[in-house]
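# Summary of the model geometry
Read off the chains here:
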Amino acid sequence: MNSRIVAPCGIDCFNCELYESNVTEVLRERISTNLKIPKELVTCKGCHDGNQCLFLDLQGKTCETLACANDKGVDYCFECDTFPCKLLMPLANGADRFPQNMKVYNLCIMKRIGVEAWADEALDIRKIYFGKELEIGKGGC
C-alpha cells in the first residue's frame, strides 16, 4: 500500500497529477513559471509521514483535516467517531477541477470494502467523477 498513498480525507494521492511519480516535466515547468517557484518544489509526496498536499504547501497553509486526523489518532476519517464532519463537506467551487467532493464517497467505500480494495477502484472512480455527464438520479452508474 505504501506506493498508493491515501490521504486521511479519502483523496487518492497516488492518482494526483502532482504526486511525485505522476508529475510531468511540462506540468512542473508550467506551475513553476506561474507561481515563480523552483520547479524542483513542484512534486508531492502525498499526505503521510509529516507531508501534506502540495497545493497547501505552496500557499504556506496547513490542512485542518490532516491535523484533525493526527490529533484523533486515526489513519482515515471514516475511523473517527464524528465521521462525516464539516471538514469533509462537499463544496461546489472548484468541483470541476479538484476531487474534493469524492472524499466522503471514497471514505464510505474504504470503510465497506477496505482501503486496498478501494485503491484498486480509485482511478475508475476519479474518471467517472471528472468525465461522466450528470444525470439526476443516476449518480455514477
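About the cut-offs
- Residues numbered from 1 in each chain as written.
- Predicted model: local features only at pLDDT ≥ 70, side-chain atom pairs only at ≥ 80, totals over all residues.
- Heavy atoms only, no water.
- Core = buried A, V, L, I, M, F, W, Y, C linked by side-chain atoms within 4.5 Å.
- Buried < 20%, exposed > 50% of the residue type's maximum accessible area, 1.4 Å probe, protein only.
- Helix = DSSP H or I, 4+ residues; strand = E, 2+ residues; numbered from the N terminus.
- Contact = heavy atoms within 4.5 Å.
- Salt bridge = Lys/Arg side-chain N within 4 Å of Asp/Glu carboxyl O.

Right, let's get into the nonpolar core. Of all hydrophobic cores here, the largest spans 32 residues; its most connected members are Leu18, Leu107, Met110 and Trp118. Mapped onto this core, the elements with two or more residues apiece are α1 (25–35), α4 (103–113) and α5 (115–131). The leading source of residues in this core is α5, at 5 residues. If we skip the residues at most four places from it in the chain, Leu107 touches Pro8, Cys9, Gly10, Tyr76, Cys77, Phe78, Phe83 and Leu88.

All chains considered together, the criterion is met by 8 salt bridges. For Arg126, the salt bridge goes to Asp12, with nearest N and O atoms at 2.6 Å. Taken together, the residues Arg126 in helix α5 and Asp12 in the segment before α1 connect sequence positions 114 residues apart. Among the salt bridges present, the one from Glu20 reaches Lys45, with a minimum N-O distance of 3.4 Å. On the criterion of sequence distance, the pair formed by Glu20 in the segment before α1 and Lys45 in the loop between α1 and α2 (54–59) is long-range, its members being 25 residues apart. The class of Glu20 is partly exposed, set by a relative accessible area of 38%. Among the ionic contacts, a cluster of salt bridges with common partners joins Glu25, Arg28, Glu29 and Lys39.

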